[in-house]
Amino acid sequence: MKNMAMVFVTAWAFVLSGVSMAGETLELLTWEGYAPKHLVDKFAQETGIKVETTYSNNEEMIAKLRATRGAGFDLVQPSQDRISSVQQKFGIYQPIDYSRIDSVQIIPSMLQAVKANTRVKKDSYAVPFCYGTSGLIVNRKKAPDANDYGDLLNPAYAGRISYRLKRPTLIALAFGAGEDPFAAYANANQYQRLMEEIGERLIAGKPLVKNYYANGDALLEMMRSGEVHVALGWDNGGWKLHADNPDIDFVAPQSGALGWIDTFAIPAKAKNVNAAYKWINFILPPTSPTERSTALPPAARWLFSTPKSALISIVPSAPTISTISSGIPRCRPSWSRSKARFSTG
């Protein structure tokens, strides 16, 4: 009887353990396209962890985590420039334990830059995931001479211009005007004056704008329909449009394409930190480049330690990575007279 009781207890403990494993969940707050279903399903098969995905953007991610003081999600994917200042003010993230990251999969200069750019005191708060650039998306048939950010204020394209009412637009127009807003960061008054000046130019140029788009899908639709000829947008959107209509393409502006880096960060009150690290290490490896790369738009280039071979099938003229003195990785494309600025801006 005693032996039977022990067997029953052991079996019941096993059942309970199985239920726990079956019920383990990763709450992921991310951008649309960053957690495709076939990879979510594969992760569940390999780990027994179910991924519950909530799609969002930088502003919403911050708002959600501020409202809960860092609770409600186990892993989030903000852009690197939305981490250190937010952490200093609100404390919504927890430090990354880089010993738990399979960092051999990541471009070393990119990892070091993200560590530096997300550092608060002695801790860093993010792992790089993917990067790309923003520039102009142009209908070459309708706007053959559009080649820099200043064309967003060009009367020649009146009523056929679109961009977002976001800080990157101010940064872009500043570069287009021959200024360097990144250099102005060290002087708050100088930076504010520059941003206000650019803001006034945008206000004056409002009659030229078709509309201010809210998301990438809206921009793509306007470019496809011919409502918009010149827009500020992401490289992957331009390439997607080009595949459908060769007249439309992404243009790296003469004054430089703006780079972005999206990351992984763990909220301060994440309940399943172990699952968060498992997902990060699952999604990064280049063991199946085709499977991984097709999970994202072309601009979301995987951060392999040997990037050119990984990128060549996605971007025929893949950029190379170097690190400039500030520790910010700079992408130097092979296309003529253009450069990308990766920044914390």
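Asks: Could you give an account of the pattern of salt bridges, naming the residues involved and the relevant values?
Replies: A full pass over the atoms with the stated rule returns nine salt bridges. A salt bridge links Asp-123 to Lys-122; the nearest nitrogen and oxygen atoms lie 3.6 Å apart. Asp-123 gets classed as partly exposed once you look at its relative accessible area, which sits at 23%. Residue classification places Lys-122 among the exposed residues on the basis of a relative accessible area of 70%.

Asks: Summarise the environment of Val-228; cite the residues concerned and give the values.
Replies: Its place among the elements puts Val-228 in the loop between helix H8 (216-225) and strand S10 (230-234). When the C-alpha atoms of Val-228 and Ile-137 are compared, they prove to be 9.6 Å apart, with 91 residues separating the residues in sequence. Contact partners of Val-228, with chain neighbours within four places excluded, come to Arg-160, Ile-161, Ser-162, Lys-210, Met-222 and Met-223.

Asks: Lay out the side chain of Ser-56 in plain terms, naming residues and giving numbers.
Replies: If you trace the backbone, Ser-56 turns up in the loop between strand S2 (50-55) and helix H3 (58-68). Among the polar contacts made by the side chain of Ser-56, one reaches the main-chain amide nitrogen of Met-61 at a distance of 3.5 Å. Those residues in contact with Ser-56, other than ones at most four positions away along the chain, are Leu-29, Thr-30, Trp-31, Met-61 and Lys-64.

How each quantity is defined
- Residues numbered from 1 in each chain as written.
- Predicted model: local features only at pLDDT ≥ 70, side-chain atom pairs only at ≥ 80, totals over all residues.
- Heavy atoms only, no water.
- Salt bridge = Lys/Arg side-chain N within 4 Å of Asp/Glu carboxyl O.
- Buried < 20%, exposed > 50% of the residue type's maximum accessible area, 1.4 Å probe, protein only.
- Helix = DSSP H or I, 4+ residues; strand = E, 2+ residues; numbered from the N terminus.
- Contact = heavy atoms within 4.5 Å.
- Polar contact = N/O pair within 3.5 Å; in protein donor to acceptor, adjacent residues only side chain to side chain.

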